[in-house]
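The chain contents come next:
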Amino acid sequence: MIHKKDGLQRSYPLRDILKLGWCVLRSKLLDKRIRIIRRPFVLRGRKYVDFGKGLTTGYWCRFEVFPKNNDSSIRLKFGNNIQLNDFVHISVIDSVEIGDNCLLASHIYISDNSHGRYEGSEKDSSPFTPPAHREYITSPVKIGKNCWLGEGVIVMPGVTIGD
């Protein structure tokens, strides 16, 4: 198949076409607006996620969205036409928003939370406290429209990228 927009030829063996077809069917059962979620895929906290329209993921993506104070509002919000490649991990306690038409390469980590505070103040977490026992610190993350995040990017709490 030749893609009209960029002229690149993309062909898949029959086995991959069947596998993609199965992924499309399973994706539509999760949310009819999704384009395709390739499996394996891990999703924790489905009721806190808005997939937007036309979401595409690669293999081994992981979305973990945790409840906060029994609030059932959306915490992970995707815009429309988002494309995530393989091994994208998103961890949310407060809020992560990804705008329309974003493209994320592989091996990306996005988190609005961290185990402890490290800003050079007296409120900093003790290095003698195991990380799993430190207070969670959260701050919203926003990735604006039309952004591209390259291979291996790490987006930490409180970061805004793009508009």
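Only a predicted model underlies this, so the values are computations on that prediction, with no experimental measurement involved.

Peer 1: Please explain the nonpolar core as it appears in this structure.
Peer 2: Generally speaking, a soluble globular protein has its nonpolar side chains buried in company with each other. If you look at the biggest cluster of nonpolar residues, it comprises 29 residues, and the most contacted ones within it are F63, L76, F78, I90, I98 and I110. Of all the elements in the fold, those that place two or more residues in this core are β5 (61-65), β6 (76-78), β8 (89-92), β9 (96-98) and β14 (141-143). Sorting elements by how many residues they give to this core places β5 first, with three residues.

Peer 1: For this particular structure, what's the right way to read the sheet that holds β5?
Peer 2: The pairing of strands in a sheet comes from backbone hydrogen bonds and takes either a parallel or an antiparallel form. On the basis of which strands lie adjacent, the open sheet formed by five strands has the order β2-β5-β8-β11-β16 and parallel pairing. Each edge of the sheet is formed by a strand with only one pairing partner; in this case those strands are β2 (41-44) and β16 (154-155). For β5 and β8, the ladder comprises four bridges, and the chain directions are parallel. Counted as the bridge partner of R62 is H89 from β8.

Peer 1: What's the story with a nonpolar patch on the surface in this structure? I'm lost.
Peer 2: Together, Y12, L14, I17 and L18 make up a nonpolar patch on the protein surface, roughly 430 Å² of accessible area in all. Residue placement: L14 occurs in helix α1 (residues 14-30).

Peer 1: Quick question: what am I supposed to make of the pattern of salt bridges here?
Peer 2: With the rule as written, the count across this model stands at 10 salt bridges. With a shortest N-O distance of 3.6 Å, D71 and R75 are connected by a salt bridge. Between K142 and D163 there is a salt bridge, with the nearest N and O atoms lying 3.7 Å from each other. Here D163 lies in the segment after β17 (160-161) and K142 lies in strand β14, a separation of 21 residues in the sequence. Residue classification places D163 among the exposed residues on the basis of a relative accessible area of 60%.

Peer 1: Where do I start with the packing of aromatic side chains in this structure?
Peer 2: The description of an aromatic ring pair uses the distance of the two centres, along with the angle that the planes make with each other. If you walk through the whole model with that rule in mind, you get three aromatic pairs. Considering the side-chain rings of F51 and F78, the 6.5 Å spacing of their centres and the 0° angle between planes classify their relative orientation as stacked. Pair noted here: F51 is in the loop between β3 (49-50) and β4 (56-57) and F78 is in strand β6, with a separation of 27 residues, a long-range link. Note on accessibility: F51 and F78 belong to one class, buried. A centroid spacing of 5.3 Å and a plane angle of 40° characterise the contact between F63 and F78, whose relative ring orientation is tilted. Here F78 lies in strand β6 and F63 lies in strand β5, a separation of 15 residues in the sequence. For F63, a relative accessible area of 0% puts it in the buried group. Connected via pairs of aromatic rings, a cluster forms that spans F41, F51, F63 and F78.

Peer 1: Would you mind showing me how to read the side chain of S106 here?
Peer 2: Here S106 lies in the loop between β10 (103-104) and β11 (109-111). Judged by relative accessible area, which is 15%, S106 ranks as buried. In this structure the side chain of S106 is engaged in a polar contact, spanning 3.4 Å, whose partner is the backbone nitrogen of D86. Excluding its chain neighbours within four sequence positions, the residues that come into contact with S106 are N85, D86, E151 and G152.

Procedures and definitions
- Residues numbered from 1 in each chain as written.
- Predicted model: local features only at pLDDT ≥ 70, side-chain atom pairs only at ≥ 80, totals over all residues.
- Heavy atoms only, no water.
- Core = buried A, V, L, I, M, F, W, Y, C linked by side-chain atoms within 4.5 Å.
- Buried < 20%, exposed > 50% of the residue type's maximum accessible area, 1.4 Å probe, protein only.
- Helix = DSSP H or I, 4+ residues; strand = E, 2+ residues; numbered from the N terminus.
- Pairing = 2+ DSSP bridges.
- Patch = residues over 30% accessible without salt bridge, like charges linked within 9 Å, V, L, I, M, F, W, Y side chains within 5 Å.
- Areas by Shrake-Rupley, 256 points an atom, 1.4 Å probe, with all protein chains shown as cover.
- Salt bridge = Lys/Arg side-chain N within 4 Å of Asp/Glu carboxyl O.
- Phe/Tyr/Trp six-rings, centres within 6.5 Å; stacked < 30°, edge-to-face > 60°.
- Polar contact = N/O pair within 3.5 Å; in protein donor to acceptor, adjacent residues only side chain to side chain.
- Contact = heavy atoms within 4.5 Å.

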